[in-house]
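# Notes for the structure review
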Amino acid sequence: MSSTTANAIPAPEARQGSLKRERRWALIGAYIALAFFVVFFMVPPFHMLVTSLKSSAEIADLSGNPWMVSKPTLQNYWELLTQGNYLIHFRNSVMVTVITVIVSMIISVMAAFALARMKFWGSGTLATGVFLTYLVPETLLFIPMFQIIGGLGLYNNLWAMVLIFPTLTVPFCTWIMIGYFASIPKELDEAALIDGASHLQMLWKIFIPVALPGILAAMIFAFTVSWAAFIYPIAFLVSSDQMVLTVGIVSDLIRADTFQWGKIMAGALMAALPPLLVYAFLMDYYIAGLTAGATKG
Amino acid sequence: MEGKGIPGGIPRRTLLRASAIGAAASALPLVNVHGQTSGGRLALGLWDHWVPAGNDAMRKIVTEWGQKNRVEIQLDFITSVGNKNLLTIAAESQARQGHDMLSFPTWEVHAQAEKLEPLDDIMGRLSQKYGALNPIVEYLGKVQGKWRAVPAISGSQNKPALGRIDLLKQHAGIDIQEMFPANANPGSKAADWNWDTFLRAAEACQKAGVPFGLPAGQFTDATDWIGSLFRSFGAELVNAKGDITAKSDGVRRVLEYSQKLFAFLPADVFSWDDASNNRALISGKSALIFNPPSAWAVAKRDAPQVSEHCWTFPAPAGAQGRFTPYLPYFWGVWSFSRNKGAAKALVEFLSEREQAAAMVAASNGYDIPPFTSMTDFDTWEKEGPPTGVVYNYPVKPHHKAEQFIACYPAPPEIAVQMYNQGIQAKMIARVVQNKEPIDRTIAWAERELEGFKRG
Amino acid sequence: MSQGTLSAPVGAEATGRPMLRRLARRNSTVAFLLTLPLILLVLGLVVYPFFYAVYLSMLNRRMTRFIGWDNFTFLLSRETFWNVVFQSVLFAVSAVLLKAFIGFVLAHVLHALPSKGQRKWRGMLLVPWVIPPAISTLAWWWLFDPSYSAFNWALLGIGVDPVPWLGATGWARFSVILVNVWYGSPFFMIMYLAALKSVPDQLYEAAAIDGATGWQKLRHVTFPMMRNVISITVLFSLIVTFANFDIVRILTNGGPQDTTHVFATYAFQVGIQSGDIPLGASVSLFMFPLLAIFAIFTLRGVNKRSKEMA
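Each chain has its residues counted from 1, running along the sequence as written. Written order determines the labels here, with chains lettered from A and ligands numbered from 1. Side-chain atom pairs in this predicted model are given and counted only at pLDDT of 80 or more, local residue features only at pLDDT of at least 70, and totals for whole chains, interfaces and linings cover all residues.

In plain terms, the rule: UniProt positions are given in the numbering used here, feature names are shortened, and annotations may be inferred rather than shown by experiment.
Per an unreviewed UniProt entry, chain C is named ABC transporter permease, and its organism is Teichococcus deserti. UniProt, in its Subcellular location (unreviewed entry) section for chain C, records the words "Cell membrane". Regarding chain C, the relevant UniProt record gives this comment under Sequence similarities (unreviewed entry): "Belongs to the binding-protein-dependent transport system permease family."

Take a look at the structure:
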């Protein structure tokens, strides 16, 4: 900040005025930027919504306006919910995601606590190493994974996903949690230790309650990632009743070279609902969680 | 299979009931305990048909067979979208478990030959009953003298021309219905249906704003028709012995021809996929594509005003003959299957004429049986409107055509790379899009092919 | 995230009191047990398969013979492969830079809004991030379709010629990057927004009193405070973008003429489609050493900065 001090200081009144003007302009600029990006971000979802309300004949009809519906119908949604396996895939996705989130949180909270608070041999390497696991791409891992999952007898089994998805979620969650735990004042655990509390008691009674927003942030991340996972499910799940949403939509609604666009869009929008709800309700915690994790300095 | 099998929801429950027969069953997963009392359990992974009725018909046939033979069936339909079927094959081959019998697309029989049960006995009996097979399925299904899979009915497809009667007549002056009517008496112009005529028609249709929809990317629709184009010009990149023969007059001629033809096609065909050409036809923007009847059938549902003007007819001929693009599937049995006997029996049963007729009927004539003697089902005559739209979809004797797979007769381990990496389409793209001199393109292709030859 | 994250392993020294030190020693067993699930997960499902994949990449096509580095030297001699390297780098670097920039701008803009309106805007800006990308990419693909492109329809409406979104090299490269940016920007936005909220207001007030302009505040207050978050987010996103599969696979499958292939899609085409799994594994592994070096340096830098700040 030393360089800013070197600047000439304008007269106070002029500064007040320019500050106000600056703020107003900044706000106008902000809204313009926001509007631009909201349009950019919302165009495809809007088009999806429009398409999902069309019959397949209307979708195929080139003379119509692709951005408008002339005869809106809920048929695509209705058929998805009443015929076929969409609901089964939805249920599978919910099950896998919920369990993955729980498993990920147990693993990463315990590990993060140890890594943040109990320095031990190799802890620094481990913390870095965990992050480096993202360097190994899924497209490389799935071939050896075929043998591992096959050996466990979990090929074409929903539960294999519960085993695999944590590899996608745990490293980042662990990092969020390490940051969060590290931000909790050390006086707290020193006091607890002197009082004779064990480390586990400390984790359970002090750290988890205090770090709840951070845990929530990590949970939302884990939720988003395992809800959207695609490569592993498409590689490992074959039977329709074992599939999760992402692969179910692709394999049930596209047949060879014919696409049921209306249903694909309807399916995608409904698939986006759970994460959207999660974000709508928990976003404030999410940001607060990340913030608190980051405030430690 | 217990414990290591495919624990699908319903089958698992029925399986529990089956295990009650012998309490030791689950402890001895390697022994087919059920084999004695019943036909055991059979897990099938079949091609996910584009028409839902195709899956239903298949399920019905298989279930009835299962009941008759007391075999418990688990049936999965595996889509080729996103190459999920290839992933499944790779997965099961690595995991050495999964289904007993799978649908194998084009090149996978060779790739997995060592892990597939030889099926020579079945093929022997079938050939005796139904006569000749086309050489392409032999090339793809027979590895070192042994049939490793049986050419499948479900999923096997031709990709002949599928054009608009009205547009071709109006703009190009070609009456395709007269040329190739829905009977065995071709019109006088049929002999003139060659790539030169095709080029003139392409130009006329392009000028009229309904250009031919011929993809030239790296998807099978592109590779297949371009493969036939190359073949009918005698342009062979690699011969049966595995020698690179790209520097030839045939190749030069086909590339010169492509320069002319692609000037009349939409500019972005180089990125079209297997669905883009269908959409071009269904939307009414295109007068001709190369495709199985799926495009017509979808048009019948979504754009009847288009579908009633559609007609399937053979691909154009070149100096070396007429070659209809052909994409066969195979039914194979894993060597690690625990119920090979039942799997083989089912494969044989599915290949019989009655079942073939049922599958062809259920798929609106989409499926092409491998035996020439089975190209006479009345489904192909009756489908419509217009009635007879798919009469010329299977290769009939009067077409004077051969079914053909791109990159034949190169050794399959080389051909699979040429095919999947779309080398012929890329050669055209270099000449057309990059305006690269033909000799430079051929030199580039030779370098690529050299790479494919590596063991 | 950020500083705290990285200071973690170094931040928890025993303060020198002998009792605490003894406790810490005894508790290293507890610590080990607590990290055990993580270690097992990483060893079993990442490290072991990784080394197996390295071994795979050194086999011949039929996986019957060990051929050492041959697959890699072969790749290095291929024109097509160098195109893939170029495109992967172009794709990942430009997508990450754009995402980081857009995320930064949006986070700032959102932060400046009164908190009442913030939620609504934030919600809309998050939508791309919550639709499973495999499916939203399908929707994009439909928007790019040569016959049905709704973009071209709109362009035609204002008298612009149709654009070959996926058909010409330049446009196709633009399109795949565009979709990746669309999907990934909101992630940067929330990460940055969280970091922004953690910058103490006093710092800005102090800067304002010093007469700093908006740009100066950004450069001398915001940026240093966010540096670690930016590093980690960029690193994470770079790794993930380099490994991206769905977008290119669905939109172009590498075409036209292989000019949009990235490592993952090329590996898939070579390995799964063309039946050369070892070569496919080599393609996937190619970036590993470079990214690993980059990652280690980034993480080390972040660690150092947080140590200084602590």
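## Considerations on the domain arrangement of chain B
Residue and element names in this part refer to chain B. This is how the line gets drawn: Per the annotation, domain bounds derive from an automatic or database assignment of domains. For every residue pair, C-beta atoms are placed from the backbone, and the pair is scored as a contact if these atoms sit within 7 Å. Put simply, DSSP marks the helices as runs of H or I at least four residues long and the strands as runs of E at least two long, and each gets a number from the N terminus on.
In terms of domains, chain B is made up of domain 1 (9–151 + 329–367) and domain 2 (157–327 + 378–452). Its C-alpha centre places domain 1 at a distance of 32 Å from the equivalent point of domain 2. Contact residues are listed per partner, giving 15 residues for domain 1 and 21 residues for domain 2. Contributions of two or more residues to the side of domain 1 that touches domain 2 are made by helix 5 (108–111), helix 7 (135–141) and helix 17 (353–362).

## A closer look at the UniProt feature "transmembrane region" (unreviewed entry) in chain C
Here the UniProt feature "transmembrane region" (unreviewed entry) sits at residues 30–55, 84–113, 125–143, 225–245 and 277–299 of chain C. Between the C-alpha atoms that bound residues 30–55 of chain C there is a distance of 35 Å. The span itself is 100% helix and 0% strand.

## Considering the interface of chain B and chain C
Stated formally: Only Asp, Glu, Lys and Arg are considered charged, only Ala, Val, Leu, Ile, Met, Phe, Trp, Tyr, Cys and Pro nonpolar, and every remaining residue, Gly among them, polar.
Between chain B and chain C, the contact holds 33 residues from the first and 25 residues from the second. If you list the elements that add at least two residues to the side of chain B that touches chain C, you get helix 4 (84–95), helix 13 (276–282), helix 19 (412–420), helix 20 (423–432) and helix 21 (438–452) of chain B. Here the side of chain B that touches chain C is composed, by residue class, of 13 nonpolar, twelve polar and eight charged.

## Examining the packing of helix 5 (residues 86–117) of chain A against helix 12 (residues 212–228) of chain A
All names here are of chain A. Operational definition: The angle between two axes is taken between their N-to-C directions and runs from 0 to 180 degrees, where each axis is a line fitted to C-alpha atoms and a helix contributes only its stretch in contact. Convention used here: angles under 35 degrees read as roughly parallel, angles over 145 as roughly antiparallel, angles from 65 to 115 as roughly perpendicular, and any remaining angle as oblique. The hand of a helix crossing depends on one turn: near helix anticlockwise from the far one by less than a right angle means left-handed, and clockwise means right-handed.
Between helix 5 and helix 12, whose axes approach to 9 Å, the crossing angle comes to 140°. Here helix 5 is positioned oblique relative to helix 12, judged by the angle of their axes. Here the hand of the crossing between helix 5 and helix 12 comes out right-handed. Residues S93, V96, T97, T100, V101, S104, M105, S108 and V109 of helix 5 pack against I215, A218, M219, A222, F223, S226 and W227 of helix 12. Looking at the contact of helix 5 with helix 12 residue by residue, the class counts come to ten nonpolar, six polar and no charged.

## Structural notes on the interface of chain A and chain C
Taken together, the contacts link 100 residues of chain A with 98 residues of chain C. Among the elements that line the side of chain A that touches chain C, the one with the most residues is helix 15 (residues 261–295) of chain A, at 18 residues. Across the side of chain A that touches chain C, the residue classes break down as 74 nonpolar, 21 polar and five charged.

## Points about helix 6 (residues 120–130) of chain B
All names here are of chain B. Put simply, the test is: The burial label depends on the number of other C-beta atoms within 10 Å of a residue's C-beta. Counts of 20 or more mean buried, 12 or fewer mean exposed, and intermediate counts mean partly exposed, with C-beta atoms placed from the backbone. What the arc describes is the spread of directions from the helix axis to the C-beta atoms.
Of the residues making up helix 6, those classed as buried are I122, M123 and L126. Projected onto a plane normal to the axis of helix 6, the buried residues spread over an arc of 95° and lie on a single side. Pointing more than 90 degrees away from the buried face of helix 6 are the exposed residues D120, D121, G124, R125 and Q128. Those residues of helix 6 that are buried lie in contact with strand 5 (146–147), strand 6 (150–151) and helix 16 (340–350).

## Considerations on the environment of A:L74
Residues and elements named next belong to chain A. The topology assignment puts L74 in the loop between helix 3 (56–60) and helix 4 (75–82). By the C-beta count within 10 Å, which is 11 here, L74 ends up exposed. Residues L74 and D195, spaced 121 residues apart in sequence, show a C-alpha to C-alpha distance of 63 Å.

## Focus on the UniProt feature "domain: ABC transmembrane type-1" (unreviewed entry) in chain C
When the UniProt feature table is mapped onto this chain, "domain: ABC transmembrane type-1" (unreviewed entry) is found at residues 85–298 of chain C. End C-alpha to end C-alpha, residues 85–298 of chain C measures 22 Å, and it is 79% helix and 0% strand.

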